[in-house]
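# Descriptive structure summary
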Amino acid sequence: MIAAAAPFLARRYLLTRRINLLGVLGVMFAVWAIVLVDSVFTGFVSQIRADVRSGAVDLLVTDLPADTSYERLRPALVDDAVVATAPRLRHHGLIKPVNVRRGGERPVASAEVDFDHTLNGFALLLGIDPATEEAVSGLRHWLARGPEELETRHAGTFWRSPVLDEPDAERRAQLLMPDADEWRARRRSGLPADHDRDQHRSQWPGVLFGWQRIRRLGWFAEAEPFDVTCASFPGGDAPAAVHTHSLRSAFAGTFATGHRAFDESTVLLPIETLRTLLGNDAADPASIDLVTDVAVRLRAGLGTGAIADAKERLRRAVQQTLPAGSGPCLVLDWEEQNRTFLSAVAHEQGMMQFVLFVVMLVAAFVIYATLHMMVVQKVKDIGILASLGASPRSIGAVFLLGGFAVGLAGTGLGVIAGVVSARYLNTANDWLYANFGVELFPRIMFDLRAVPCDLQPSWVATVAIGALLLALLVAYVPSRKAARLNPVTALAHE
Amino acid sequence: MNAPVLQACAVHKHYRLGKREIPVLRGIDLSVAAGETVALLGASGAGKSTLLHVLGLLDPPSSGEVRYDGRRVDALPIGERALLRHRHVGFVFQFYHLIPELTALQNVLLARMMDCSLFAYWRRRREVRAAATAMLEQVGLGERLHHRPAELSGGERQRVAIARALLADPKVVLADEPTGNLDSTTADGVVDLMFTIQRQRGLAFLLVTHDEELAARCHRIVRMKDGQVVSG
């Protein structure tokens, strides 16, 4: 039994010693920081995962040998779990606006050295077949979101891409812009164009840019001409030499998948165009439906196990269609497609939690230090309590309860502060920016419309319980010391 | 003669100083009967205070026995010894030993908070508070209930200490030079008060003192020298 004197004295000691406020404030700050920062980080990670997911397909068959034909693979891709497949062709290339300065030069002068060469003309070209791509990815959604992202960050409206609404399947496959748009672009650029606008027929295959690239390069009008250049090594026994192919194309729209790296680096174009650029012209009877990857859409509602089974079935089936001696192909789900990035984000969150845990340890140390000091200063009181008949357990309880009360007050205040600041984070951020030009969380740095904040009640409870247990743990040491003091020595203490 | 409420039987106590053993009490036999007042006289270092601590179960004897109401108590578990100390013995010290953060009333109330839980105390808080107030009024501090020790004189502090020692209704009061820190006028007042209460309640008193006059007011004087009882 803990004597009534223990909570009574603990309360008196705490109220008459302002230094205990240090412990309360320390725990409060630590709990507040852990709740708020982790909520922002959890929101940030959730947002990133959602964005990465929206930019990735269910499964991606990749690491295929060079010169793999999509038509040869198709029978292997038939599976109960598979709803649709789409061919993809990846290659690096150069993008250069025809009539805007040198290749990809930034239109706005900047004091900052740009090491991000993907914005200076280099691009990851991703050849797609729009019709089948729509069935496996969020292509239509990406194209709708691209202008929205630009408009959110800049005043004004950006035009919407019409290429997916083109009724002619042949023209849609080429991502051709409306004839009048291309005609106007030719006239603006001083390029040959029919005298009669109505007679003009679009010829330039369309290219789709990520909104990040457009934001850096400048806003372009519909069908703005770009030159796309690819360099490739011819296969076979030909002497090693670089073959380059260039093709004029039209700016056909801007997309936003939400996956920043993808949006910055990737340029979408018709797969036939990219095949041609790589010397695999469809008009050539020897040409093949060249692919580097196949995007796969799975049936909705499949569990993790079913997805893993489908992956393995597809991998085996595709491997069997590949020529003997081919290296192993891979079938990746959306997380595996972005494993490095997602691991880095998870690692960052882990590191952040560790740093915040250290903050909590410092707060706990403050509790320990103040309680230890209290025990040292109250040695005589401990002797008095013993002479009045207090058991060692009750004497220890005075200090243990003191530490617990400090932890409880700090945790309670910290949880309240954390929940309130997480709830009103964006309001406070906006207010600070509007009144003082200060942003606590610069959204532009992370390309976010609002600071994502995901307050998990389970996390708040974990932090609160952890803080209380830690406070009890550090309070136990001085309380044990108090309980073990010899009453006679304590009474004689000066 | 009344039955003994407190007994020391062949009590030895020694402290270890490095490899040396320092004997402080050497075979003490002492008995205090109910209602009896005993003065413990002796020079400094004779072992008076140590004997008081051993008898009050604050310090276990190295050998020998301590008995309360004829029952051996020194070998009981530490929690039981604390409870017995609370119920059987009241301490009064030379330097009052009040808790500075608490008022006079709270210091006295503390004596009744040792053997019950917070809830049990809460249920009878009014009754306990009334008893503590009455006790402080009895020692002449009815007007000083809410003063902290720093706001009280030496004599008043010692009266608070006496009230605290008596609130739990002990059978024996162990007083270690209760007037040693007071001027003679104040000391006389405190001593008068102690003996008045002792008579009213029929308490046993064991007083450690250097004051022959004070000792003379007790029923019995026990003299100690070098850790042994030499007379009484």
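Residues numbered from 1 in each chain as written. Chains lettered and ligands numbered in written order. Predicted model: local features only at pLDDT ≥ 70, side-chain atom pairs only at ≥ 80, totals over all residues. Heavy atoms only, no water.

### Regarding the interface of chain B and chain A
Many authors give the size of an interface as the accessible area that is lost as the parts come together. Keep this limit in mind: Two residues form a contact once any of their heavy atoms are found within 4.5 Å. Here's the idea: put two parts together, see how much 1.4 Å probe accessible area each one loses, and the total over both is what we call buried area. The salt bridge definition used is simple: a Lys or Arg side-chain nitrogen within 4 Å of an Asp or Glu carboxyl oxygen. The helix count covers DSSP runs of H or I at least four residues long, the strand count covers runs of E at least two residues long, and both are numbered beginning at the N terminus. Classification convention: Asp, Glu, Lys, Arg as charged; Ala, Val, Leu, Ile, Met, Phe, Trp, Tyr, Cys, Pro as nonpolar; all other residues, Gly among them, as polar.
Taken residue by residue, the interface counts 28 residues in chain B and 27 residues in chain A. Across the chain B to chain A interface the summed buried area is about 2400 Å²; carbon plus sulfur atoms make up 71%. By the criterion of area lost to chain A, the three top residues of chain B are His97, Glu101 and Met114 of chain B, representing 26% of everything that side buries. Here chain B and chain A share one salt bridge between them. In this structure, Glu101 of chain B engages Lys378 of chain A in a salt bridge whose closest nitrogen and oxygen atoms are separated by 2.3 Å. Looking at the side of chain B that touches chain A, the elements with two or more residues in it are helix H2 (78–88) and helix H4 (118–123) of chain B. For the side of chain B that touches chain A, the element with the most residues is H2 of chain B, which contributes five residues. A breakdown of the residues in the side of chain B that touches chain A according to their chemical character gives 17 nonpolar, five polar and six charged.

### Overview of a nonpolar patch on the surface
Note the threshold: What goes into a patch is any residue over 30% in relative accessible area without a salt bridge, connected to like charges within 9 Å or, for nonpolar side chains (Val, Leu, Ile, Met, Phe, Trp, Tyr), within 5 Å. Values of accessible area rely on a 1.4 Å probe in the Shrake-Rupley scheme; residue burial ignores everything except the protein chains shown.
A cluster of nonpolar side chains, contributed by Phe354, Val355, Phe357, Val358, Leu361 and Val362 of chain A, occupies part of the molecular surface with about 530 Å² of accessible area. Topologically, Val358 of chain A is positioned in helix H13 (residues 339–377).

### A few points about the confidence of the model for chain B
Threshold: Residue-level confidence of the predictor, termed pLDDT, takes values from 0 up to 100.
Averaged over all residues, the pLDDT of chain B is 90; the fraction at 70 or higher stands at 99%. Scoring of the predicted complex yields 0.75 for pTM and 0.89 for ipTM.

### Quick look at a negative patch on the surface
Residues and elements named next belong to chain B. Rule in force here: Charged residues are defined here as Lys and Arg on the positive side and Asp and Glu on the negative side; His and the ends of the chain fall outside this count. For charged residues, the charge sits on one atom: NZ in Lys, CZ in Arg, CG in Asp, CD in Glu. Buried, partly exposed and exposed residues are distinguished by accessible area as a fraction of the type maximum, computed with a 1.4 Å probe on protein chains only: under 20%, between the cut-offs, and over 50%, respectively.
A contiguous patch of negative charge on the surface is contributed by Asp183, Asp188, Asp211 and Glu213. Mapped onto the elements, Asp211 comes out in the loop between strand E8 (204–209) and helix H8 (212–216). Under the relative-accessibility criterion, Asp211 is labelled partly exposed at 35%.

### Quick notes on helix H1 (residues 5–15) of chain A
Most of H1 of chain A is tucked away: eight of the eleven residues are buried. Those residues of H1 of chain A that sit buried are Ala5, Ala6, Phe8, Leu9, Ala10, Arg12, Tyr13 and Leu14 of chain A.

### Some thoughts on helix H16 (residues 425–436) of chain A
All names here are of chain A. For clarity, the threshold we go by: Expected span of a helix, by definition, is 1.5 Å for each gap between consecutive residues, and there is one gap fewer than residues. In this context, the arc is that of the directions from the helix axis out to the C-beta atoms.
Taking 1.5 Å per residue, twelve residues should reach 16 Å; H16 reaches 16 Å between its end C-alpha atoms and fits that length. Residues of H16 that are buried include every one of Leu425, Asn429 and Leu432, and no others. For H16, the angular spread of the buried residues around the axis is 65 degrees, confining them to a single face. Exposed side chains of H16 directed beyond 90 degrees from the buried face belong to Thr427, Trp431 and Ala434. In the stretch just after H16, Gly437 is the one whose phi turns positive, near 70 degrees.

### A few points about the packing of aromatic side chains
The test is simple: Note on aromatic contacts: the rings of Phe and Tyr and the six-membered ring of Trp form a pair at centre separations within 6.5 Å, being stacked when their planes are under 30 degrees apart, edge-to-face when over 60 apart, and tilted otherwise. A ring has a charge above it when a Lys NZ or an Arg CZ is no more than 6 Å from the ring centre and no more than 35 degrees off the ring normal.
This model, assessed by the stated rule, comprises 16 aromatic pairs over all chains. Aromatic pair Tyr13 of chain A and Phe399 of chain A: ring centres 6.3 Å apart, planes at 35 degrees, arrangement tilted. Of the two residues, Tyr13 of chain A sits in helix H1 while Phe399 of chain A sits in helix H15 (residues 392–423), which places them 386 residues apart along the sequence. Grouping residues by exposure puts Tyr13 of chain A and Phe399 of chain A together as buried. Put simply, the rings of Phe158, Trp159, Phe209, Phe220, Phe226 and Phe251 of chain A pair up and form one aromatic cluster. Over the ring of Tyr424 of chain A we find Arg423 of chain A, and its NZ or CZ is 4.9 Å from the ring centre. If you follow Arg125 of chain B out to its NZ or CZ, it ends over the ring of Trp122 of chain B, 4.0 Å from the centre.

### A word on the sheet that holds strand E5 (residues 71–72) of chain B
Residues and elements named next belong to chain B. The condition that has to hold: At least two DSSP bridges between two strands are needed for those strands to be called paired.
Across the sheet, four strands lie side by side as E2-E1-E4-E5; this open sheet has antiparallel pairing. Two strands in the sheet have a free side with no partner beyond their single neighbour: strand E2 (20–33) and E5. Both strand E4 (residues 63–68) and E5 contribute to a ladder of two bridges, which runs antiparallel. Directly across from Arg67, in E5, lies its bridge partner Arg72.

### Some remarks on the nonpolar core
Convention followed: Residue types Ala, Val, Leu, Ile, Met, Phe, Trp, Tyr and Cys, when buried and joined through side-chain atoms within 4.5 Å, form a set referred to as a nonpolar core.
Counting residues in each nonpolar core, the largest one holds 127 residues, and the members touching the most others are Leu385 of chain A together with Leu6, Leu110, Leu136 and Leu206 of chain B. Apart from residues lying up to four places away in sequence, Leu385 of chain A is in contact with Leu9, Ala390, Ile395 and Val398 of chain A together with Ile99, Leu110 and Met114 of chain B.

### Quick notes on the pattern of salt bridges
Residue and element names in this part refer to chain A. By the definition in use, this model includes 40 salt bridges over all chains. Asp179 serves as the salt-bridge partner of Arg201, at 3.4 Å between the closest nitrogen and oxygen. Pair noted here: Arg201 is in the loop between helix H7 (179–189) and strand E5 (206–210) and Asp179 is in helix H7, with a separation of 22 residues, a long-range link. Here Asp179 falls in the buried class, since its relative accessible area comes to 17%. Bridged by salt links that share partners, the residues Glu166, Arg171, Asp179 and Arg201 form one connected network.

### Observations concerning the packing of helix H6 (residues 154–167) of chain B against helix H7 (residues 184–201) of chain B
Residues and elements named next belong to chain B. The following threshold applies: Think of each axis as a best-fit line through the C-alpha atoms, taken over the contacting stretch in the case of a helix, with angles from 0 to 180 degrees between the N-to-C directions. Our angle categories are set so that under 35 degrees counts as roughly parallel, over 145 as roughly antiparallel, 65 to 115 as roughly perpendicular, and the remainder as oblique. Should the near helix be turned anticlockwise from the far one by less than a right angle, the crossing is termed left-handed; should it be turned clockwise, right-handed.
Packing of H6 against H7 leaves a shortest axis separation of 10 Å and a crossing angle of 15 degrees. In terms of their interaxial angle, H6 and H7 are classed as roughly parallel. Crossing handedness for the pair H6 and H7: right-handed. On H7, the residues touching Gly155, Gln158, Arg159, Ile162 and Leu166 of H6 are Thr186, Gly189, Val190, Leu193, Met194, Ile197 and Arg201. The residue inventory of the contact of H6 with H7, partitioned by class, reads six nonpolar, four polar and two charged.

### So, the side chain of Arg186 of chain A
For Arg186 of chain A, the position within the fold is in helix H7. Sequence-distant contacts of Arg186 of chain A, defined by excluding residues within four places in its chain, comprise Leu191, Pro192, Ala193, His200, Gln203 and Trp204 of chain A.

### Points about the pairing of strand E6 (residues 89–92) of chain B
All names here are of chain B. Of the two faces of E6, the one lined by Val89 and Phe91 and the one lined by Gly90 and Val92 are each fully buried. Both E6 and strand E7 (residues 172–176) contribute to a ladder of four bridges, which runs parallel. Counterpart to Val89 in the pairing with E7 is Val172.

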